[in-house]
Amino acid sequence: FEAPENRRRVHRRLIGMSKRGISLLALGAQLASASRAFSARAVSSARVAPLRSARWGAKAAIGFGVAVGAAAASAEHAEGKIAFWERRQGEHSWLEEVLGEKALEWVKTQNAKTVAFLGDPTGTPLYERVLTILTSKDKIPYVRKIGDKYYNFWQDKESKRGVLRRTTLESYRTGAPEWEVVISVDALCEAEGESWVYKGSALLDEGSEVQPTRTLIYLSRGGADATVTREFDLEELRFILPSEGGFVLPEAKSSVSWQSRDVLLIGTDFGPGSLTESGYPRTVREWTRGTPLESAVLVYEGEATDVAARGYVSRHGDFRYEWRTRSPSFYTSKKELRSRGADGSAGAWLSLDGSVPEDATVQQFRDQFLIKLRSAWRGHAAGSLLAVRISDIAWGPGGRSLEQASEAALTPIFIPTATTALDDSTRTQSKLVLTVLDAVKIKVLSLSCLPDGSWACDKADSAEPLIGGRSISAVDDDESDEVWLTEWTHLQPHSFSLGSVAKGISALRGNQEQLRQLPPQFSAAGVKVEQCYATSKDGTQVPFFVLRSPEKKGPVPTLLYGYGGFEISLTPNYMSATGAAWLERGGCFVEANIRGGGEFGPMWHKSALKADRNKAYEDFEAVAEKLLEMGVTTSSQLACRGGSNGGLLVGNALVRRPDLWGAVVCAVPLLDMRRFNKLLAGSSWMAEYGDPDTADWGFMQQYSPYHNVDLGAKYPPLLVTTSTRDDRVHPYHARAFVKRLEEAGNCEGLLYYENIEGGHGGAADPKQQAFMMCLYIEFLCKTIGKDYAPFSEQKQATLAA
């Protein structure tokens, strides 16, 4: 205040902020901050008043700011922080311009600040270690049988974007197969000047007797959900050009399926009215080879408020069906189908509307449906799996009536219990293999579909439920009951085997042929896995897994991970990079199976939907408190991390219980729940969260982190990451939340990093994955690990090595 230019600057700022209606509390905080800057400037300048005057100016301004802020705090508390922030909704709307000049300049500044504080991970020993794990030649090259060849998509240091390649089973069995390159994505990027990311393929299936020769390849720019679709010849190993009659769809969030060799069922962006409010296809069209895309014939359409509409063909054995579906919500769909002959003939369209619950999922097994229930139906509990003949339950012209279809005989295949839930199912030629969670431990069952269509349970596997994973997939569900079997635990790396379930799942164990074994990627010596339970606020028991070394005395830096949404189960996975970057250095890792997930079936998920969303957050907080009670860690050493819906979880963890955490890592998050349904795919998730444009906002506002920033709170260090190319969850959420906290000035250690590529996955290739991982690991080391000797000791040892 001694310097006239400083007084004038404060006065101008005061008037300007008052005109903009900024609260007195924020004003007081900014005045105090400004005065510190002025006093620092006074100290560093020989032309201003002595140090004593500078200190007096600082004290006076801070005192005035605190007094004004305190008076404003009580007023703001009376009106409520949510109402306060709602009146300012839109103040960060400029950050919605993904590629806007002002927004990108802000991103650039934030990225530079974060890298300056944490350091550039590229080239560091930890980065090289993680990158080596992600690109290791020892990784298992999982294969998929197409015709008489076995295909694999592979990424390593030389092929960072990857190569699609193929070999024979005989060659694969040698351990050093001779690979034939089908597509090099890196070479394609260089030739076309694009940043392509491989997003998969759709094979032309003309029946079990016909060798596949064509497929559709999906390519994404920078990892976005939107893809370019191109037809590819598997014999000549080249793309089919449009001038040759090849199918090519421009970039969009398309739905594409082969109806026949010369006709595609497509849903894509045809201009106004062709997409739903969620940004997905609203129509299904038949596109004939050699005709312009614009001439594709409209055959089906949904509503603008639907999530999406889709057309596709399914086949198992000799039974082929063409489908048309529309999804009114994320968890419901209306379905109709017709039979398709190998000669292209088609039956009449039949409906499942009214005969099958809209929220049930349906899978084909020969001429039957396998119906997985999300709600109780006809005396069967939610989570059950039922079998029924398609001809009995589909109704319409030439078929049964709705009344008859509604009484179709159902065969229970799986019946859940209080602790068991169906996690996955795989069909082979004659078997159905079920992967079941039993208190979040894995067990596998199998059933036989007899020639008359009846079902019989095979002898059960005698193995105890595993804290780990077992993945089973069919080698070729047309030809045999052979399966690929992959097994792992948190600490034991994956093994990959070939076996048969022809005699049931019990006969598989001990008779499979192990094809690959991943070597250990980190030292798990001394690390133990323990399943524990926390008691949530309403008394619910919430399981979680703790990975730590009991030999470490006293509390240690601990990373708690969670998701809790969309009925997605968090099951054990081999830690590989996390093990090397965190466990091996003495850290503890915890995974929480909170409500909102699918670990105990649909009801575990539904118990945290919409107005009950708080249950997921209370579960997460209960796990954190249990870790403190167990002495595993302390609040200053405890961090939480989550991405996407998990980003919303940890965003709420930050604003609800800042006292619990020493740091928070929030990735590709939803955070502004007032705007989420207006941005990109957000509208499709209203079945999970609610509709903020209705009375739902009454409960949704309680878990919108953007609206629950408390100006009087002190928040722990926070690292928020996202991707400019994320076209699923808008980067605005991450940007605006950080901007709000930055303006509030009450989150010391606030950092933000936005990867230009990566899509919703946050990274487009292994190098970007290693960079982003090392960034948050270094953040944790500088926050919850700053006083933990083993971290600094190991870092010094690594640097010395």
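Reading the values: rules and limits
- Residues numbered from 1 in each chain as written.
- Predicted model: local features only at pLDDT ≥ 70, side-chain atom pairs only at ≥ 80, totals over all residues.
- Heavy atoms only, no water.
- 1 Å grid on protein atoms, 1.4 Å probe; cavity = no way out; pocket = protein on both sides within 12 Å on 5 of 7 lines; lining within 4 Å.
- Points joined across faces, edges and corners; volume = space filled by probe spheres on them.
- Helix = DSSP H or I, 4+ residues; strand = E, 2+ residues; numbered from the N terminus.
- Axes fitted to C-alpha atoms, helices over the stretch in contact; angles between N-to-C directions.
- Parallel < 35°, antiparallel > 145°, perpendicular 65-115°, else oblique.
- Left-handed = near helix turned anticlockwise from the far one by under 90°.
- Contact = heavy atoms within 4.5 Å.
- Nonpolar A, V, L, I, M, F, W, Y, C, P; charged D, E, K, R; others polar.
- Pairing = 2+ DSSP bridges.
- pLDDT = per-residue confidence, 0-100.
- Salt bridge = Lys/Arg side-chain N within 4 Å of Asp/Glu carboxyl O.
- Buried < 20%, exposed > 50% of the residue type's maximum accessible area, 1.4 Å probe, protein only.
- Phe/Tyr/Trp six-rings, centres within 6.5 Å; stacked < 30°, edge-to-face > 60°.
- Lys NZ or Arg CZ within 6 Å of the ring centre and 35° of its normal.

Draft legend 1. Representation of the layout of surface pockets in the model. Taken as a whole, the second largest pocket holds about 1800 Å³ of empty space. A total of five residues in the lining of the second largest pocket trace back to one element, the largest contributor, which is helix 19 (residues 766–782).

Draft legend 2. Focus on the packing of helix 5 (residues 101–118) against helix 18 (residues 732–744). Where helix 5 meets helix 18, the axes come as close as 12 Å, and the angle between the chain directions of the two elements is 65°. On the basis of the axis angle, helix 5 is roughly perpendicular to helix 18. In the crossing of helix 5 with helix 18, the sense of the turn from one axis to the other is left-handed. Contact residues: helix 5 offers Ala103, Leu104, Trp106, Val107 and Gln110, while helix 18 offers Arg735, Val738, Lys739 and Glu742. Looking at the contact of helix 5 with helix 18 residue by residue, the class counts come to five nonpolar, one polar and three charged.

Draft legend 3. Seen up close, the packing of helix 14 (residues 614–630) against helix 15 (residues 645–656). Remark: helix 14 packs on helix 15, axes separated minimally by 10 Å, with the N-to-C direction vectors making an angle of 70°. In this view, helix 14 runs roughly perpendicular relative to helix 15, as classed from their interaxial angle. At the point where helix 14 passes helix 15, the crossing takes the right-handed sense. Facing helix 14, whose interface residues are Asn614, Ala616, Tyr617, Glu618, Phe620 and Glu621, helix 15 presents Leu648, Leu649, Val650, Asn652, Ala653 and Arg656. Partitioning the contact of helix 14 with helix 15 into residue classes produces seven nonpolar, two polar and three charged.

Draft legend 4. Representation of the sheet that holds strand 27 (residues 482–488) within the structure. Read across the open sheet, the four strands follow the order 26-27-28-29; overall the sheet is antiparallel. A strand with exactly one partner marks an edge of an open sheet, and here the two such strands are strand 26 (469–474) and strand 29 (513–517). Averaged over all neighbouring strand pairs, the angle between strand axes comes to 20°, with direction disregarded. The pairing of strand 27 with strand 28 (residues 495–500) spans six bridges and is antiparallel. When the sheet's bridge partners are listed, Trp484 is paired in strand 28 with Leu498.

Draft legend 5. Focus on the confidence of the model for the protein chain. In the predicted model, the protein chain carries a mean pLDDT of 90, and the fraction of residues at 70 or more is 89%. Predicted confidence for residues 1–71 stays below pLDDT 50, and this span has 44 contacts to residues more than four positions away or in other chains.

Draft legend 6. Representation of the pattern of salt bridges within the structure. According to the stated counting rule, one finds 56 salt bridges in the structure shown. One salt bridge in this structure joins Arg166 and Glu180, with 2.8 Å as the shortest N-O distance. Taken together, the residues Arg166 in strand 3 (residues 163–167) and Glu180 in strand 4 (residues 180–184) connect sequence positions 14 residues apart. Residue Glu180 is classed as partly exposed on the basis of its relative accessible area, which comes to 33%. Residues joined in a network through salt bridges with shared partners are Arg214, Glu231, Asp233, Asp262 and Arg289.

Draft legend 7. Representation of the packing of aromatic side chains in the model. Scanning all chains against the criterion turns up 24 aromatic pairs. Ring geometry for Trp323 and Phe369: centres 5.4 Å apart, planes at 45°, overall tilted. Here the residue Trp323 occupies a position in strand 15 (residues 319–329), and Phe369 occupies one in strand 19 (residues 368–372), the gap between them amounting to 46 residues. With relative accessibility at 0%, the residue Phe369 sits in the buried group. When the centroid spacing of 5.1 Å and the interplanar angle of 65° are considered together, the rings of Phe330 and Phe566 count as edge-to-face. Separated by 236 residues along the polypeptide, Phe330 in the loop between strand 15 and strand 16 (332–339) and Phe566 in the loop between strand 32 (558–561) and helix 12 (576–583) bring together distant segments of the chain. A residue is classified by how much of its surface remains accessible, and Phe566, at 13% relative accessible area, is buried. Linked through ring pairs, Tyr142, Tyr150, Tyr172, Trp179, Trp484 and Phe496 together constitute an aromatic cluster. Its guanidinium or amino end placed over the ring of Phe239, Arg230 lies 5.1 Å from that ring's centre, counting from NZ or CZ.

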